[in-house]
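Next come the chains, spelled out residue by residue.
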Amino acid sequence: MVEEPETAAPAAGGDARYGAPAGRAEVRRYSEVDVEAARRVPSGFGEFDRVLGGGIVPGSMVLVGGEPGIGKSTLLLQVAARVAESAGPVLYASGEESEQQVKERGQRLDIGDAELYLLAETCLERLLEAVERVRPALLVVDSIQTIYSLSLASAPGSVGQVREAATHLLFNAKRGNVPTILVGHVTKDGALAGPKVLEHVVDTVLYFEGERHHAHRVVRAVKNRFGAVSELGVFEMTGSGLLPVSNPSRLFLSDRAADAPGSVVLCSLEGTRPILVEVQALVSTGAYGTARRMSSGMDHNRLALLLAVLEKRAGLGLAGEDVFVNVAGGLEIDEPAADLGVVAAVASSLRARPVRPATAVFGEVGLGGEVRGTPQAGLRVREAAQLGFTHCVVPAANSGRDTADAGCETIGVETVEDALDALLAVS
Ligand SMILES: Nc1ncnc2c1ncn2[C@@H]1O[C@H](COP(=O)(O)OP(=O)(O)OP(=O)(O)O)[C@@H](O)[C@H]1O
Ligand SMILES: [Mg+2]
């Protein structure tokens with residue numbers, strides 16, 4: 001239940017509240033629209049640009065959500081400083097920290113003498129007035145939940161206030177062509193706090209994720225009007241701020257014990273980028289009546305399905321066995337091409353046989369035990385070859401033409417059984 005106080009309609013000027021200009025609306029011919037003015041502004045971080053679809057679009061509004069303390073303010077302050085160096089003044093409005101606190105962080109991040117303006121302000125009207133004065137090339141608002149409008153009586157962070165503030169900032173962004181980045185808090189179950197409509201209002205929604213116990217952080221787009229979603233940007237949190245990681249595969253495979261049973265290297269695809277990750281499985285005889293199946297980093301139901309396929313089609317005795325599957329490094333894998341990696345890891349652990357050395361795998365598994373083709377096979381195989389893998393077990397449909405020049409020997413398989421024969425070394 002949300003309280004919505006009734007507001008009297010303004011006497012004249014209709015929608016003057018949202019700052020619409022009086023007079024006629026201009027209609028423009030398609031061919032006369034100037035796209036030069038819409039050149040993207042590079043954020044100074046290739047990894048951040050990648051998620052945005054190639055830079056910050058002028059007049060766009062981006063919402064960055066993430067758990068408390070994950071590093072949202074750090075990332076945006078770094079971006080603000082880089083943009084200030086390359087594109088002109090940047091206004092960083094912080095409702096959560098004083099100017100001194102922001103600067104203290106800035107010193108740790110080694111931000112020099114950029115044209116960066118700080119504003120510790122939570123009042124929307126005063127913030128908009130400051131934007132009018134500074135005319136920034138980028139506006140960062142940290143966070144939208146702390147901003148309140150004088151026109152509403154409810155508390156900051158309430159649904160009405162968040163919606164009001166976001167709408168005004170959106171109109172401001174479109175009118176003045178000021179790209180705006182908002183920080184959004186997330187609720188306990190990981191969704192963005194505030195009204196759902198917030199996600200519709202903005203052009204792009206990014207999630208900043210990571211695990212407290214790992215140094216790497218991942219920025220993921222869940223909505224993007226100007227680029228592909230599911231694109232990933234990978235960073236590493238260090239004492240001097242976030243460092244972009246240009247070769248995530250190396251990072252995700254860095255702790256792998258290659259000849260341990262139950263460990264498989266999967267060529268997965270995040271957006272347009274292939275990333276190699278380690279899938280680990282542990283199968284152990286359950287102590288209690290019902291077998292436990294746990295997964296982290298992949299869908300639980302998908303695991304149940306794959307275990308059923310292994311049992312029925314490849315004759316593995318998994319009834320009564322506890323099965324644990326983990327995608328190492330805290331990455332979340334949700335594409336079907338991960339199936340073969342999971343299946344191989346489980347079989348490898350059950351049979352206590354390691355996977356062939358220097359071999360990577362990908363492929364979708366069907367209910368009949370068949371291995372189905374996967375998009376972008378060539379990209380995946382090339383990434384594996386680059387990291388020193390000499391063999392790839394791939395769907396038969398992808399073997400040959402797609403992957404011929406990848407520099408890595410591919411073994412095409414048609415069924416799960418074939419795949420396990422090809423992958424598991426004879427001990
Ligand atoms: N001296 C330091 N060395 C290394 N890492 C640090 C240091 N100081 C802070 N950090 C990292 O920065 C993180 C805090 O970053 P930041 O304040 O940007 O998070 P946030 O997402 O904005 O949090 P909030 O939601 O509370 O605003 C800490 O969790 C920590 O990992
Ligand atoms: Mg913060």
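With that settled, consider the overall build of the protein. Secondary structure assignment for the protein yields 11 helices and 18 strands. Sorting the 427 residues of the protein into buried and exposed places 48% on the buried side. Counted over contacts in the protein with a minimum sequence separation of 6, partners at least 24 positions apart contribute 68%. Charge-centre separation for the protein: the mean point of 40 positive side chains lies 2 Å from the mean point of 54 negative side chains.

Next up on the list: the sheet that holds strand β3 (residues 116-119). Across the sheet, which stays open at both edges, the nine strands sit in the order β3-β2-β4-β5-β1-β6-β7-β8-β9 with mixed pairing between neighbours. Of all the strands in the sheet, the pair left with one neighbour each is β3 and β9 (241-244). Geometrically, the sheet is characterised by an average inter-axis angle of 25° between neighbouring strands, direction not taken into account. The sheet contact formed by strand β2 (residues 90-94) and strand β4 (residues 138-142) spans five bridges and is parallel. Considered in β4, the bridge of Ala93 is made with Val141. Sheet strands touched by helix α2 (residues 72-87): β1 (61-66), β2, β3, β4, β5 (180-185), β6 (204-210), β7 (216-224), β8 (232-238) and β9. Its angle to β2, the strand with the most contacts, is close to 160°.

Turning next to the site of ligand 1. The environment of ligand 1 is formed by 14 residues, the closest being Gly69, Lys72, Ser73, Thr74 and Arg105. Here Lys72 contributes a backbone N or O atom positioned 2.8 Å from an oxygen atom of ligand 1. Protein chains shield 62% of the accessible area of ligand 1, which is 650 Å² for the free molecule. Contributions of two or more residues to the shell around ligand 1 are made by α2, α3 (99-108) and β8. With three residues, α2 is the single largest residue contributor to the shell around ligand 1.

Segmenting the protein into domains produces domain 1 (36-246) and domain 2 (251-423). Between the C-alpha centres of domain 1 and domain 2 the distance comes to 37 Å. Taken together, the 15 residues of domain 1 in the interface contact 11 residues of domain 2. Together, the buried faces of domain 1 and domain 2 total about 980 Å²; carbon and sulfur atoms form 51% of this surface. If you sort the residues of domain 1 by the area they bury against domain 2, His216, Glu231 and Leu232 come out on top, with a joint share of 39%. At the surface where domain 1 touches domain 2, the tally comes to two salt bridges. The shortest N-O distance in the salt bridge between Arg273 and Glu47 comes to 3.0 Å.

What follows deals with the pairing of β3. Bridge count for β2 against β3 is four bridges, and the pairing is parallel. Looking at β3, one finds that Ala93 is bridged to Leu119. Taking the sense of rotation as the criterion, the β-α-β connection linking β2, α3 and β3 turns out right-handed.

Taken as a whole, this structure holds 13 salt bridges when the rule is applied. The residue Glu129 makes a salt bridge to Arg133 at a minimum N-O spacing of 3.0 Å. Of the two residues, Glu129 and Arg133 are both situated in helix α4 (residues 124-134); the distance of four residues between them amounts to about one turn of the helix. A relative accessible area of 41% places Glu129 in the partly exposed class.

Here we come to the nonpolar core. Core analysis: the biggest nonpolar cluster contains 58 residues, and Leu310, Val325 and Val346 have the highest contact counts within it. Here this core gets seven residues from one element, more than from any other, and that element is helix α9 (residues 339-350). Setting aside its immediate chain neighbours within four residues, Val325 contacts Val279, Gln280, Ala281, Met294, Ser295, Ser296, Met298, Leu303, Val342 and Val346. Counting residues in hydrophobic clusters, the runner-up holds 31 residues, among them Ile70, Leu109, Val183 and Val219.

With that settled, consider the packing of aromatic side chains. Under the defined criterion, the tally for this structure stands at one aromatic pair. Note on Phe45 and Phe235: the rings are 6.2 Å apart at their centroids and 65° apart in plane angle, and the pair reads as edge-to-face. Of this pair, Phe45 sits in the segment before α1 (46-52) while Phe235 sits in strand β8; the two residues are 190 residues apart in sequence, bridging distant segments of the chain. With respect to burial, Phe45 and Phe235 carry one shared label: buried. Residue placement shows Arg82 over the ring face of Phe45; its charged tip is 4.2 Å from the ring centre. Seen from the ring of Phe362, Arg380 lies directly overhead, with NZ or CZ sitting 5.4 Å from the centre.

What counts and what doesn't
- Residues numbered from 1 in each chain as written.
- Chains lettered and ligands numbered in written order.
- Predicted model: local features only at pLDDT ≥ 70, side-chain atom pairs only at ≥ 80, totals over all residues.
- Heavy atoms only, no water.
- Helix = DSSP H or I, 4+ residues; strand = E, 2+ residues; numbered from the N terminus.
- Buried < 20%, exposed > 50% of the residue type's maximum accessible area, 1.4 Å probe, protein only.
- Contact = heavy atoms within 4.5 Å.
- Lys, Arg positive; Asp, Glu negative; His and termini not counted.
- Charge placed at Lys NZ, Arg CZ, Asp CG, Glu CD.
- Pairing = 2+ DSSP bridges.
- Axes fitted to C-alpha atoms, helices over the stretch in contact; angles between N-to-C directions.
- Near = heavy atom within 4 Å.
- Polar contact = N/O pair within 3.5 Å; in protein donor to acceptor, adjacent residues only side chain to side chain.
- Areas by Shrake-Rupley, 256 points an atom, 1.4 Å probe, with all protein chains shown as cover.
- Domains from an automatic or database assignment.
- Buried area = accessible area lost by both parts, 1.4 Å probe.
- Salt bridge = Lys/Arg side-chain N within 4 Å of Asp/Glu carboxyl O.
- Right-handed = clockwise from strand over helix to strand, strands pointing away.
- Core = buried A, V, L, I, M, F, W, Y, C linked by side-chain atoms within 4.5 Å.
- Phe/Tyr/Trp six-rings, centres within 6.5 Å; stacked < 30°, edge-to-face > 60°.
- Lys NZ or Arg CZ within 6 Å of the ring centre and 35° of its normal.

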